[in-house]
Amino acid sequence: MGEWSRSVVPIASRLCLLYLINKYLGTPVLTYGPSMLPTLNITGSLVLVERISTRTGKLRPGDIVIFRSPETPRKVVCKRLIGMEGDQVTYVVDPKNSDRCETIVVPKGHVWVEGDNIYNTKDSRNFGAIPYGLLEGRAFWTLLPRKDFGSLAPKPR
């Protein structure tokens, strides 16, 4: 092997390793916006996301999940998991204007997600239950801002 291949092979193997870690184990994700207030910062929170729970079916209501938007698939969204398939979920239809509630049963192969800030979020109340296949991971640790550093424990029902 030449000198060129001795320098390229280690770099390529490290890049492959980074890709595999990001794709199958976990990754840092920057979240921003008002929908997850007060849990996550409106100007941006850097969270660690693990991808194993979504592949093994170990998610549970209360977990914060990252998923592909059902309306804009290029966009990744962060919300709280409220219900799994078969769960009965009661939600306020339009919290800004009324207290009217509806109850649904989450369809097979789907989950129900909602933002923590019910007055300023676009979630399953707008686009319905999302297919389980759109889930990309579970947020479990906040890295930034430093004042919020620590575990993102599931919110009790």
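Numbering of residues begins from 1 in every chain and follows the order in which that chain's sequence is written. Given that the model is predicted, a residue must reach a pLDDT of at least 70 before its local features are reported, and side-chain atom pairs must reach 80 or more before they are shown or counted; all residues, however, enter totals for whole chains, interfaces and linings. To obtain the side-chain values, all non-hydrogen atoms of the structure were used and water was disregarded.

### Examining the overall build of the chain
Logical step 1: Within the chain, the regular secondary structure consists of 3 helices and 10 strands.
Logical step 2: By definition, any uninterrupted DSSP run of H or I lasting at least four residues is a helix, any uninterrupted run of E lasting at least two residues is a strand, and each is numbered from the N terminus. From first element to last, N terminus to C terminus, the chain shows the α and β order α-β-β-α-β-β-β-β-β-α-β-β-β.
Logical step 3: Principal axes of the C-alpha set define a box for the chain whose edges measure 70 × 35 × 25 Å.
Logical step 4: We call two residues contacting when some pair of their heavy atoms lies within 4.5 Å. In the chain, the proportion of contacts linking residues at least 24 apart, taken out of those at least 6 apart, comes to 52%.
Logical step 5: Surface accessibility in these figures is a Shrake-Rupley result with a 1.4 Å probe; residues are shielded only by whichever protein chains are displayed. For the chain, the accessible surface area stands at approximately 9,700 Å², while carbon and sulfur atoms represent 59% of it.

### As for the side chain of Arg138
Logical step 1: Checked against the element boundaries, Arg138 lands in strand 9 (residues 135-144).
Logical step 2: The definition of a polar contact used here is a pair of N or O atoms within 3.5 Å, where within protein one atom must be able to donate a hydrogen and the other to accept one, and adjacent residues in sequence count solely through side-chain atom pairs. Among the polar contacts made by the side chain of Arg138, one reaches the side chain of Glu50 at a distance of 2.9 Å.
Logical step 3: Dropping the residues within four chain positions of it, Arg138 is found in contact with Leu48, Val49, Glu50, Ser53, Leu59, Asp63, Ile64 and Val65.

### A few points about the pattern of salt bridges
Logical step 1: The term salt bridge refers to a pairing of a side-chain nitrogen on Lys or Arg with a carboxyl oxygen on Asp or Glu at a separation within 4 Å. This structure, assessed with the given rule, holds 8 salt bridges.
Logical step 2: In this structure, Asp123 engages Arg125 in a salt bridge whose closest nitrogen and oxygen atoms are separated by 2.8 Å.
Logical step 3: Whether a residue is buried, partly exposed or exposed follows from its accessible area with a 1.4 Å probe, protein chains only, as a fraction of its type maximum: under 20%, in between, or over 50%, in that order. Classification of Asp123 as buried rests on a relative accessible area of 0%.
Logical step 4: The shortest N-O distance in the salt bridge between Asp148 and Lys147 comes to 3.4 Å.
Logical step 5: Judged by its relative accessible area of 26%, Asp148 is partly exposed.

### Some remarks on the packing of aromatic side chains
Logical step 1: Centres within 6.5 Å are what make two rings of Phe, Tyr or Trp a pair, Trp counting through its six-membered ring; a difference in plane orientation under 30 degrees is then read as stacked, over 60 as edge-to-face, and the rest as tilted. This model, assessed by the stated rule, comprises 2 aromatic pairs.
Logical step 2: Ring centres of Tyr91 and Trp112 lie 4.9 Å apart, and the angle between their planes is 40°; on these two criteria the pair is classed as tilted. Placement of the pair is Tyr91 in strand 5 (residues 88-92) and Trp112 in strand 7 (residues 110-114), with a sequence separation of 21 residues. Take Tyr91 and Trp112: they sit in the same class, and that class is buried.
Logical step 3: An angle of 80° between the planes, with centres 5.6 Å apart, marks the rings of Trp141 and Phe149 as edge-to-face.

### Some words on the environment of Tyr24
Logical step 1: Looking at the element boundaries, Tyr24 is found in helix 1 (residues 3-25).
Logical step 2: Not counting chain neighbours up to four residues away, the residues in contact with Tyr24 comprise Arg51, Ile52 and Arg55.

### Here we look at unusual backbone geometry
Logical step 1: Note the cis peptide between Leu37 and Pro38, where omega equals 0°.
Logical step 2: Within the secondary structure layout, Pro38 lies in the loop between strand 1 (26-31) and strand 2 (45-50).
Logical step 3: Along the chain, Leu144 connects to Pro145 via a cis peptide bond; the corresponding omega equals 0°.
Logical step 4: The topology assignment puts Pro145 in the loop between strand 9 and strand 10 (150-151).

### Description of the UniProt feature "domain: Peptidase S26" (unreviewed entry) in the chain
Logical step 1: UniProt positions are given in the numbering used here, feature names are shortened, and annotations may be inferred rather than shown by experiment. Mapped onto the present numbering, the UniProt feature "domain: Peptidase S26" (unreviewed entry) falls at residues 8-92 and 100-142.
Logical step 2: Along residues 8-92 one finds 27% helix and 35% strand; the C-alpha atoms at either end are 56 Å apart.

### Considering the layout of surface pockets
Logical step 1: Detection works on a 1 Å grid of protein atoms alone, calling trapped sets that fit a 1.4 Å probe cavities and calling open sets with protein on both sides within 12 Å along at least five of seven lines pockets, with lining residues defined by an atom within 4 Å of a point. Grid points are joined across faces, edges and corners, and a volume is the space filled by probe spheres set on the points. In this structure, the largest pocket occupies an estimated 580 Å³ of space.
Logical step 2: Looking at the lining of the largest pocket, the elements with two or more residues in it are strand 1, strand 3 (64-68), strand 4 (76-83) and strand 9.
Logical step 3: Basically, the charged four are Asp, Glu, Lys and Arg, the nonpolar ten are Ala, Val, Leu, Ile, Met, Phe, Trp, Tyr, Cys and Pro, and anything else, Gly included, counts as polar. Counted by class, the lining of the largest pocket contains 12 nonpolar, 9 polar and 7 charged residues.

### Some points on the nonpolar core
Logical step 1: Listed in full, the 11 residues of the largest apolar core are Leu59, Val65, Phe67, Val77, Leu81, Met84, Val111, Val113, Phe127, Ile130 and Leu135.
Logical step 2: Of all the secondary structure elements, the ones that give two or more residues to this core are strand 3, strand 4 and strand 7.
Logical step 3: In this structure, Leu81 is in contact with Leu59, Arg60, Pro61, Gly62, Asp63, Val65, Val111, Trp112 and Val113, ignoring residues within four places of it in sequence.
Logical step 4: Throughout this description, the term nonpolar core refers to a set of buried Ala, Val, Leu, Ile, Met, Phe, Trp, Tyr and Cys residues connected via side-chain atoms within 4.5 Å. Val47, Ile66, Ala139 and Leu152 belong to the second largest nonpolar core, which has 10 residues in total.

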